[in-house]
Number of protein chains: 2
Amino acid sequence: MSTDTARRLVESMRDLLWERGYTGTSPKAVLQRAGAGQGSMYHHFAGKADLAQSAIVETAQEMRAKADAELSGPAPAVERLTAYLRRERDVLRGCPIGGLTQDAELMADPQLRAPVAETLAWLRGRLAEVLGEAVAAGELAPTLDASAVATTLVATLQGGYVLARAAGSREPFDQAVAGVLGLLLSASEH
Amino acid sequence: MSTDTARRLVESMRDLLWERGYTGTSPKAVLQRAGAGQGSMYHHFAGKADLAQSAIVETAQEMRAKADAELSGPAPAVERLTAYLRRERDVLRGCPIGGLTQDAELMADPQLRAPVAETLAWLRGRLAEVLGEAVAAGELAPTLDASAVATTLVATLQGGYVLARAAGSREPFDQAVAGVLGLLLSASEH
């Protein structure tokens, strides 16, 4: 057994968590997708929860690095926010982090919940910073509550995924983003 | 076996869908919670999916009736919207309808997905009507895109539940609602 097997197990768990959730993913399904033998999971990981933790931490780090890069460019703050909200997303698959919150078994395990909670809290904080920059630069009204609106933006994305999955179409996601951007920009025009 | 048993089976399935999702709910768990015998589910229902459909339809009807009552009062439209968004909710349990969208098995069954999709689509439409009333009454700016903003409002609630579950606290839900209401009201003040 090689570290290559461990890598394939983590990748397979990441995919399956996104597709089927934690409760819906059996150790057998992970092994099958990874093309790994019975004993390999327990050679590299203490069990399903341990492997899932590695998978979630990796997904969270990727999501955070990508958002941070998009939100940290040289463009004006509102332009960066707009680009972040409008960027291409695999809407019907849902958010690989936010979607995990519906899994009661996963949320009941503090080790598995922590990276989910931290990533979403980080995103709220980062968006609040960029909204603060926009206010400081006179792009948005000084009365704007950056912390509350940052949470609204993250909620709009997460809720947009929920509505898109229900509808079987990305249309509600795009509408939700258009609606919040319209409010943000018209609220700033005075 | 009585219709009282059927009633208890539906109630138990409604609770378990909310707590554990569809994939996480075994027929055995439903029977146990309902205090019903082995054969009773198949006496009243074709199986787990059929029972779940009755449960989802009932939950959806209740949610819709409650929202419609709140959104249809004699108060000014913005007041009704605010009251609806701010009303008491069991935030950490999540939305009993929106939460189901994360269950891949449930979403893959058109009969189970339909009442989820229809309820959320109805809510978007109803909120768009009330936003339209607010615009017509001069409470909100005529430039407001009622349909997009209605979707933003539903997304904010659904995403607020996601963030609250991740954080293990209702604080992000309340922030998300405060943020979107702040945007809505300041966008209308000119």
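Above this note sits the structure.
Computed from a predicted model, the values in this text were never measured in an experiment. (Residues numbered from 1 in each chain as written. Chains lettered and ligands numbered in written order. Predicted model: local features only at pLDDT ≥ 70, side-chain atom pairs only at ≥ 80, totals over all residues. Heavy atoms only, no water.)

### Some details on helix H5 (residues 77-86) of chain A
Three- or four-residue spacings in an α-helix give side chains the same orientation, since the helix completes a turn every 3.6 residues. Residue and element names in this part refer to chain A. How we decide: Partly exposed describes any residue whose relative accessible area lies between the buried limit of under 20% and the exposed limit of over 50%, with all areas from a 1.4 Å probe on protein chains only and scaled to the type maximum. By definition, any uninterrupted DSSP run of H or I lasting at least four residues is a helix, any uninterrupted run of E lasting at least two residues is a strand, and each is numbered from the N terminus. In what follows, a contact means two residues having at least one pair of non-hydrogen atoms within 4.5 Å.
For H5, the tally of buried residues reaches 7 of 10 residues, placing the bulk of the element in the interior. For H5, the complete set of buried residues consists of Ala 77, Val 78, Arg 80, Leu 81, Thr 82, Tyr 84 and Leu 85. On its buried face, H5 sits against helix H4 (48-71), helix H7 (110-136), helix H8 (146-167) and helix H9 (171-188).

### Considering the relation of the copies chain B and chain A
To be explicit about the condition: Alignment of copies: least-squares fit on C-alpha atoms of residues with pLDDT of at least 70 in both copies.
Placing chain B over chain A gives an RMSD of 0.0 Å and needs a rotation angle of 180°, together with 0.0 Å of translation along the axis. Both copies of the chain, as the preceding transformation shows, are related through a two-fold rotation axis. Both copies contact each other with a shared surface, as 100% of the interface residues of chain B are interface residues in chain A too.

### Here we look at the interface of chain B and chain A
Threshold: The term buried area denotes the loss of accessible surface (1.4 Å probe radius) that occurs when two parts are joined, taken as the sum for both partners. Salt bridge, as applied in this entry: a Lys or Arg side-chain nitrogen positioned within 4 Å of an Asp or Glu carboxyl oxygen. Polar contact is defined as a pair of N or O atoms within 3.5 Å, subject to the rule that within protein one atom must be able to donate a hydrogen and the other to accept it, and that residues adjacent in sequence are counted only when both atoms are side-chain atoms.
With 46 residues of chain B in contact, the opposing surface of chain A contributes 46 residues. Here chain B meets chain A over a buried area of about 3700 Å², counting both sides, of which 64% is carbon and sulfur. Looking only at chain B, the three residues that lose the most surface to chain A are Gln102(B), Arg165(B) and Leu183(B), adding up to 18% of its buried area. Taken together, the links from chain B to chain A amount to 2 salt bridges. Its salt-bridge partner being Arg124(B), residue Glu171(A) comes within 3.1 Å of it at the nearest N-O pair. On inspection of chain B and its partner chain A, the count reaches 14 residue pairs in polar contact (both at pLDDT 80 or more). For the side of chain B that touches chain A, the secondary-structure elements that each account for two or more residues are helix H1 (3-20), helix H6 (104-107), helix H7 (110-136), helix H8 (146-167) and helix H9 (171-188) of chain B.

### Focus on the side chain of Arg80(B)
Here Arg80(B) is to be found in helix H5 (residues 77-86). Beyond its immediate chain neighbours, meaning those up to four positions away, Arg80(B) contacts Glu70(B), Leu71(B), Ser72(B), Gly73(B), Ala75(B), Val130(B) and Glu133(B).

### Comments concerning helix H2 (residues 27-34) of chain B
Residues and elements named next belong to chain B. What counts, and what does not: What the arc covers is the set of directions going from the helix axis to the C-beta atoms.
Taken residue by residue, H2 has Val 30, Leu 31 and Ala 34 as its buried positions. Seen along its axis, H2 keeps its buried residues to an arc of 95°; they face one direction. Opposite its buried face, H2 presents the exposed residues Lys 28 and Gln 32, each directed more than 90 degrees away. Looking at the buried side of H2, the elements it contacts are H1, helix H3 (40-44) and helix H4 (48-71).

### Examining the packing of aromatic side chains
Worth spelling out the cut-off: Working definition: a ring pair exists when centres of Phe, Tyr or Trp rings (six-membered ring for Trp) sit within 6.5 Å. Plane angles under 30 degrees give stacked, over 60 give edge-to-face, the rest tilted. Counting as a charge over the ring demands two things of the Lys NZ or Arg CZ atom: a distance within 6 Å of the ring centre and an angle within 35 degrees of the ring normal.
The tally for this structure, following the rule as stated, stands at 2 aromatic pairs over all chains. Residues Tyr161(A) and Phe173(A) carry aromatic rings whose centres are separated by 5.0 Å and whose planes lie at 50° to one another, so their mutual orientation is tilted. Taken together, the positions of Tyr161(A) in helix H8 and Phe173(A) in helix H9 put the pair 12 residues apart, joining distant regions of the chain. Given the relative accessible area of 8%, Tyr161(A) is considered buried. Take Phe173(A): its relative accessible area is 2%, and that puts it in the buried class. Stacked on the ring of Trp18(A), the Lys or Arg Arg93(A) has its end atom at 3.7 Å from the ring centre. Seen from the ring of Tyr84(B), Arg89(B) lies directly overhead, with NZ or CZ sitting 4.9 Å from the centre.

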